[in-house]
Amino acid sequence: SPYSIRNMKGVWINYLEFGEMIRGKSLEQYRENVENCLKNVTSLGLDTVVLHVRSHCDAFYESNIFPYSYQLSGKQGEGCGFDPLDEFVRLAHEKNIRVEAWINPYRVTSGSDLLESLDPNNPARNFDAQKQELISLETGTYLNPSCQKSSELIVSGVREILDKYPVDGIHFDDYFYPTTDLSFDAAYYNAYVKAGGTLSHAEWRRRNVDLLIRQVYTAIKQADSSVIFGISPQARMDNNYNCQFIDVKGWINRSGYIDYICPQIYFG
């Protein structure tokens, strides 16, 4: 029978926690860490792990698109000798625990980390900052959500996970447009207006994210209609709409976008 999202009881495991389970461990030690983790999940009465498999244009799994996360060995592009996602999903499913693959679609680096820290094969290296394909801010470097090239990479990355792993869901968190500054995608917006576009800059940005979300949803359902697509946006709806340029209410009220939202309500 279809899984009831309303009754989901899940836990996030972020890339730093996941990395600690893997880095410097043999396959046997990693499996032991996963087993202990899953025992905790079961003892808490939970049924789902939202597992961070791509945090910075990288991978906690064998990918032909993204290099291994630096969390696996200390250096991006160097693996750990086994496939962490494959093992995790297999062990979780043995215990009837669902696994949703958690992805940060746009983030490339955090803070002051420069593109020099990226593996030579990182696809972000094919994005040109001069053409506004990348955004570099104090908080990090991001694929530009206004660039169609970004959406194509993100969707192909989702398809690859679904082709290779029997995950139960794909999950995005609250990283979308990283700034309200209107300059970093001005070239794209101006081209849109020149071609006859009539949306305001903010409306146009929201439409860009809408298109990505719809493409991801369609790719997921084409691969396996039982796989669930969820997003955990900020709980402050004004921030979502006017700072990150995402139309959460629109996603909920229209079909073909998402299966659930899980608002992040842990602010003070």
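In what follows, the structure referred to is the one given above.
Because the structure is predicted, anything quoted here is derived from the model rather than measured.

Caption draft 1: Structural context of the sheet that holds strand β5 (residues 134-137). Pairing in this open sheet of 3 strands is antiparallel, and the strands run β4-β6-β5 from one edge to the other. Two strands bound the open sheet, and with one partner strand each, they are β4 (107-110) and β5. Within the sheet, the average angular offset between the axes of one strand and its neighbour, ignoring direction, is 10°. Pairing geometry for β4 and strand β6 (residues 140-143), over 3 bridges, is antiparallel. For Arg-107, the partnering residue across the bridge sits in β6 and is Tyr-142.

Caption draft 2: How the structure looks around the pairing of strand β8 (residues 228-231). Of the two faces of β8, the one lined by Ile-228 and Gly-230 and the one lined by Phe-229 and Ile-231 are each fully buried. Both strand β7 (residues 169-172) and β8 contribute to a ladder of 4 bridges, which runs parallel. Looking across to β8, one finds that Ile-170 is bridged to Phe-229. Examined bridge by bridge, β8 and strand β9 (residues 260-261) share 2 bridges and lie parallel to one another.

Caption draft 3: Local environment of helix α4 (residues 148-164). Taking 1.5 Å of rise per residue, the 17 residues of α4 would be expected to cover 24 Å, and the 25 Å separating its terminal C-alpha atoms lies within 8% of that figure. For α4, the full list of buried residues reads Ser-150, Ser-151, Leu-153, Ile-154, Val-155, Gly-157, Val-158, Glu-160, Ile-161 and Leu-162. Looking at the buried side of α4, the elements it contacts are β2 (48-54), β3 (98-103), β6, β7 and α6 (201-223).

Caption draft 4: A look at the sheet that holds β8. Taking strand neighbours across the sheet as the criterion, the 6 strands line up as β1-β2-β3-β7-β8-β9 in an open arrangement whose pairing is parallel. Of all strands in the sheet, those bounded by a partner on one side alone are β1 (10-13) and β9. Packed on one face of the sheet, helix α1 (residues 15-22) meets β1 and β2 and runs near 75° to β1.

Caption draft 5: Structural detail: the environment of Lys-25. Following the sequence through the fold, Lys-25 ends up in the loop between α1 and α2 (27-43). Taking relative accessible area as the criterion, Lys-25 reaches 29% and is therefore assigned partly exposed. Remark: the alpha-carbon pair of Lys-25 and Gly-77, spanning 52 residues in sequence, is separated by 17 Å. Sequence-distant contacts of Lys-25, defined by excluding residues within four places in its chain, comprise Glu-20, Tyr-30, Asn-33 and Phe-82. Within the structure, the side chain of Lys-25 is placed 3.2 Å from the backbone oxygen of Arg-23, a separation counted as a polar contact.

Caption draft 6: Quick look at the packing of helix α5 (residues 186-194) against α6. Remark: α5 packs on α6, axes separated minimally by 11 Å, with the N-to-C direction vectors making an angle of 100°. Comparing the axis directions of α5 and α6 gives the class roughly perpendicular. Within the contact between the two elements, α5 uses Ala-186, Tyr-188, Tyr-189 and Tyr-192 and α6 uses His-201, Trp-204 and Arg-207. Here the contact of α5 with α6 is composed, by residue class, of 5 nonpolar, 1 polar and 1 charged.

Caption draft 7: Representation of the side chain of Arg-98 within the structure. Following the sequence through the fold, Arg-98 ends up in strand β3. Looking at Arg-98, its side chain comes within polar contact range of the side chain of Thr-48, at 2.9 Å. Setting aside anything within four residues of it in sequence, one finds Arg-98 in contact with Tyr-3, Met-8, Asp-47, Thr-48, Val-49, Asp-168 and Ile-228.

Caption draft 8: Representation of the nonpolar core within the structure. Membership of the largest hydrophobic core comes to 67 residues, with the highest contact counts inside it found for Phe-88, Ile-170, Phe-172, Ile-213, Phe-229 and Trp-251. By residue number, the principal contributor to this core is α6, which donates 7 residues. If near-sequence neighbours (up to four positions away) are discounted, Ile-213 is found in contact with Phe-172, Phe-176, Phe-229, Ile-231, Trp-251, Tyr-257 and Ile-258.

Caption draft 9: Examining the packing of aromatic side chains more closely. In the structure shown here, the tally under the stated rule is 12 aromatic pairs. With 5.8 Å between their ring centres and 75° between their planes, Tyr-61 and Tyr-165 make a pair best called edge-to-face. Here Tyr-61 is found in the loop between β2 and α3 (84-94), whereas its partner Tyr-165 is found in the loop between α4 and β7, with 104 residues between them in sequence. Both residues of the pair, Tyr-61 and Tyr-165, count as buried. The interplanar angle of 40° and the centroid separation of 6.1 Å between the aromatic rings of Tyr-177 and Phe-184 together place this pair among those described as tilted. Note on accessibility: Tyr-177 and Phe-184 belong to one class, buried. An aromatic cluster is built from Phe-18, Phe-60 and Phe-88, whose rings are joined through pairwise contacts. It is Arg-107 that lies over the ring of Tyr-175; its NZ or CZ is 4.6 Å from the centre. Taking NZ or CZ as reference, Arg-254 lies 4.7 Å from the ring centre of Tyr-257, over its face.

What counts, and where the lines are drawn
- Residues take numbers from 1 onward in each chain, read along the sequence in its written order.
- At least 70 in pLDDT is required for a residue's local features to be given in this predicted model, at least 80 for side-chain atom pairs to be given and counted, and no such filter applies to totals for whole chains, interfaces and linings, which use all residues.
- For side-chain calculations, the full set of non-hydrogen atoms in the structure is used, while hydrogens and water are omitted.
- The criterion for strand pairing is that DSSP finds at least two bridges linking the strands in question.
- Under the scheme used here, helices are H or I runs from DSSP no shorter than 4 residues and strands are E runs no shorter than 2 residues, and both carry numbers assigned from the N terminus.
- To obtain an axis, a line is fitted to C-alpha atoms, over the contacting stretch when the element is a helix, and the angle between two such axes runs from 0 to 180 degrees between their N-to-C directions.
- We call a residue buried when its accessible area falls under 20% of the maximum for its residue type, exposed when it is over 50%, and partly exposed in between, using a 1.4 Å probe and counting protein chains only.
- For a helix, the expected span equals 1.5 Å multiplied by the residue count minus one.
- The contact definition used throughout considers only heavy atoms, calling two residues in contact when any of these lie within 4.5 Å.
- By the criterion applied in these results, polar contacts are pairs of N or O atoms within 3.5 Å in which, for protein atoms, one can donate a hydrogen and the other can accept it, and in which residues neighboring in sequence qualify only through two side-chain atoms.
- Roughly parallel means an angle under 35 degrees; roughly antiparallel, over 145; roughly perpendicular, 65 to 115; everything else is oblique.
- Each residue gets one of three labels, nonpolar for Ala, Val, Leu, Ile, Met, Phe, Trp, Tyr, Cys and Pro, charged for Asp, Glu, Lys and Arg, and polar for the others, Gly among them.
- Side-chain atoms within 4.5 Å are what join buried Ala, Val, Leu, Ile, Met, Phe, Trp, Tyr and Cys residues into a set we call a nonpolar core.
- Any two rings among Phe, Tyr and Trp, with Trp reduced to its six-membered ring, count as a pair given centres within 6.5 Å; such a pair is stacked if its planes are under 30 degrees apart, edge-to-face if over 60, and tilted if neither.
- In this scheme, Lys NZ or Arg CZ marks a charge over a ring once it lies within 6 Å of the ring centre and within 35 degrees of the ring normal.

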